[in-house]
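A structural walkthrough
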Amino acid sequence: MTPHTIAISPTEARRLAISSQFLDRFPRQPDAGAMLAVFRQLGCVQIDPINVVARSPLLVLWSRLGNFDPQLLDQLMWQERLLFEYWAHAASIVLVEDFPIHQLQMVNFSRGNSAWAQRVGAWMAINEPFRQYILEEFRQRGPLFAREIEDRAVESWRSPGWTNSRNVSTMLGLMWEQGDITVTRREGSGFGLKKQWGLLEQHMPQWNGHEAISRSSAVRQAAQRSLKALGVGTEKHIRNHFIRGRYPGLDVELDALLANGRIHRAQIQDSGQNWPGDWFIHADSLPELEKVREEPWPIRTVLLSPVDNLIADRDRTETLFDFNYRIELYIPKAKRKYGYYVLPILHGDRLIGRIDPKMDRKTKTLHVYAVHKEPQTPDAPAVASGLNDAIYQLGRFLGAERVQYGEQLPDV
């Protein structure tokens, strides 16, 4: 271990990850400022269409803000326009102020040598008149829903999946990725699925004509945002976070950040043994590390979205928390181990189990079909009390008037 390497225990690494994700405390007021602070810390919040409990962005924010007003998210996105939708972990809500980082993907979209990039590039080239027609529609008519745009494709999009011949939605999606257009609002409550599209230059005029920053600068900025959100992590962890898979030349940028003191090497030490890999911590995270070491750790129980930022990297989750988590949405019911839409349970600094819930909005009932605890989770009244309170608070946030438990509950 070099003199500049910071030794960190596994417990400290877990706690630093949790506190860096704003999961160790609620803000004093769950207002727009607190919500924006969450986005600035996390960098992105993944969008997911599943609405079994609530849309994932709302769950991710609820885990960090408590019982907030969902209209605040609409306010920041569609009115104040401080957030917008783009590709990060996956399709995500990201910061408008981070536009230069995401512009790298827009500029390089469909310019690669992969079979997918060549296929997309060829289809868009053939359908350039179709693209120009859509742009002119937005210029003349303003933001539009896909259903308001005529299919004028020169050649149909061919796919073995559900996108086959869905030319309007496919072209809109590709134009979104290359930065021609953006989502200007969503139709329906709870971050609905129907997207209204408009010209990016009109929705975010402050970035109109912005000259793209260098690849090196974008990767360096994104790597730092990723590492701050992780607390401590390896190069692989950084690559899998924030702008997942889009860190060309990351090793060079990490060396430069080490040289100028923006990041430091770290080593996770467990019972005299070092965890494998080269670990890093951002200089800005050092005060948080000291806080984690010196202050009593709060025993808080939190329910997490299946795509929450803390557990988005499944391998990292298993390394840090010894918690194997996989989504079973597309597994036949008879073969599921835990359930259809399972929420992991964070208690203190451990992931202690998972619940299988569903919100019935017609009857205003939050169903909890099963609670599965991890083998090492103690049968303690404090654990049961914390979980019961977390489930009650989730129901309150969702507008449930009752919580209905199933038969599969652990003994506590």
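In case you missed it, the structure is sitting above this.
Our subject in this report is the structure included herewith. These numbers were taken from a predicted model, which means no experiment stands behind them.

**Quick look at the packing of helix α6 (residues 115-126) against helix α8 (residues 167-177)**
Between α6 and α8, whose axes approach to 12 Å, the crossing angle comes to 115 degrees. Viewed along their axes, α6 and α8 adopt a mutual orientation that is roughly perpendicular. Two packed elements cross with a definite hand, and for α6 against α8 that hand is left-handed. On the side of α6, the interface is formed by V120, W123 and M124, while α8 contributes N167, T170, M171, L174 and M175. Class assignment for the residues of the contact of α6 with α8 results in 6 nonpolar, 2 polar and no charged.

**Topic: the side chain of H102**
One can find H102 in helix α5 (residues 99-108). In contact with H102, not counting residues within four places along its chain, are F84, Y86, W87, V94, F242, I243 and R246.

**Thoughts on the packing of aromatic side chains**
All chains considered together, the criterion is met by 11 aromatic pairs. Ring centres 6.4 Å apart and planes at 45 degrees place the aromatic pair F84 and F99 in the tilted group. In this pair, F84 sits in strand β3 (residues 83-87) while F99 sits in helix α5, placing the two residues 15 residues apart along the sequence. The residues F84 and F99 share a single accessibility class, namely buried. An angle of 80 degrees between the planes, with centres 5.8 Å apart, marks the rings of W116 and W157 as edge-to-face. With W116 in helix α6 and W157 in the loop between β5 (144-145) and α8, this pair connects stretches of sequence that are 41 residues apart.

**Notes on the sheet that holds strand β2 (residues 44-46)**
The 3 strands are arranged β2-β4-β3 in an open sheet whose pairing can be described as antiparallel. Each end of this open sheet is capped by a strand with a single partner; those strands are β2 and β3. Strand-to-strand twist in this sheet, taken as the mean axis angle between neighbours without regard to direction, amounts to 30 degrees. One ladder, built from 3 bridges, connects β2 with strand β4 (residues 91-95); its direction is antiparallel. The partner of C44 across the bridge, within β4, is V94. Its contacts with the sheet put helix α4 (residues 71-79) on β3 and β4, and the angle it makes with β3 is roughly 80 degrees.

**Things to note about unusual backbone geometry**
With glycine set apart, most residues show a phi of negative sign, and most peptide bonds adopt trans. At R81, a residue that is not glycine, the phi angle is positive and equals roughly 55 degrees. In this structure, R81 sits in the loop between α4 and β3.

**With respect to α5**
Because an α-helix packs 3.6 residues into every turn, residues spaced three or four apart end up facing the same way. Of all the 10 residues making up α5, 8 are buried; the element is thus mostly covered by neighbouring parts of the structure. All buried positions along α5 are accounted for by F99, P100, I101, H102, Q103, L104, Q105 and M106. Here the buried face of α5 lies against β3, β4, α8, α9 (200-203) and α10 (215-230). At the exit of α5 stands S110, carrying a positive phi of roughly 65 degrees.

**Here we look at the pattern of salt bridges**
What the rule picks out here adds up to 23 salt bridges. Residue R354 is joined to E374 by a salt bridge in which the shortest nitrogen-to-oxygen separation is 2.8 Å. Here R354 is found in strand β14 (residues 350-360), whereas its partner E374 is found in the loop between β15 (365-373) and α15 (381-398), with 20 residues between them in sequence. For the pair R354 and E374, one class covers both residues: buried. Through salt bridges with shared partners, one network takes in E12, E290 and R293.

**Points about the sheet that holds β5**
An order of β5-β7-β6 is seen for the 3 strands of this open sheet, with the pairing classed as antiparallel. The sheet is open, and its two edges are formed by β5 and β6 (181-187), each paired on a single side. Pairing analysis gives 6 bridges linking β6 to strand β7 (residues 194-199), with the strands arranged antiparallel. The partner of R186 across the bridge, within β7, is K195. Each of β5, β6 and β7 is contacted by helix α7 (residues 128-141), which is oriented at about 85 degrees to β7, the strand it contacts most.

**Some words on the packing of α6 against α7**
Here α6 crosses α7 at 70 degrees, and the two axes come no closer than 4 Å. With respect to their mutual orientation, α6 and α7 come out roughly perpendicular. Counted together, M124, A125 and I126 of α6 and E128, P129 and R131 of α7 form the full contact between these two elements. Looking at the contact of α6 with α7 residue by residue, the classes come out as 4 nonpolar, no polar and 2 charged.

About the thresholds
Every chain's residues receive numbers from 1 upward, in the order its sequence appears when written. Given that the model is predicted, a residue must reach a pLDDT of at least 70 before its local features are reported, and side-chain atom pairs must reach 80 or more before they are shown or counted; all residues, however, enter totals for whole chains, interfaces and linings. With hydrogens and water set aside, each side-chain value is computed from the structure's full complement of heavy atoms. In this analysis an axis means a line fitted to C-alpha atoms, helices contributing only their contacting stretch, and an angle means the value between N-to-C directions, from 0 to 180 degrees. Runs of H or I in DSSP of at least four residues are treated as helices and runs of E of at least two as strands, each being numbered from the N terminus. When describing relative orientation, an angle under 35 degrees is termed roughly parallel and one over 145 degrees roughly antiparallel, while 65 to 115 degrees is termed roughly perpendicular and anything else oblique. Take the far helix as the reference: if the near one is turned anticlockwise from it by less than a right angle, the crossing is left-handed, and if turned clockwise, right-handed. Any two residues having at least one pair of non-hydrogen atoms within 4.5 Å are treated as being in contact. In this classification, the charged set is Asp, Glu, Lys and Arg, the nonpolar set is Ala, Val, Leu, Ile, Met, Phe, Trp, Tyr, Cys and Pro, and all remaining amino acids, among them Gly, are polar. Aromatic pairs are defined between Phe, Tyr and Trp rings, using the six-membered ring for Trp, whenever the two ring centres lie within 6.5 Å; interplanar angles under 30 degrees are classed as stacked, those over 60 as edge-to-face, and all others as tilted. Note on classification: 1.4 Å probe, protein chains only; a residue is buried when its accessible area is under 20% of the maximum for its type, exposed when over 50%, partly exposed between these limits. At least two bridges found by DSSP between two strands is the condition for calling them paired. Between Lys or Arg on one side and Asp or Glu on the other, a salt bridge is scored when a side-chain nitrogen of the former is within 4 Å of a carboxyl oxygen of the latter.

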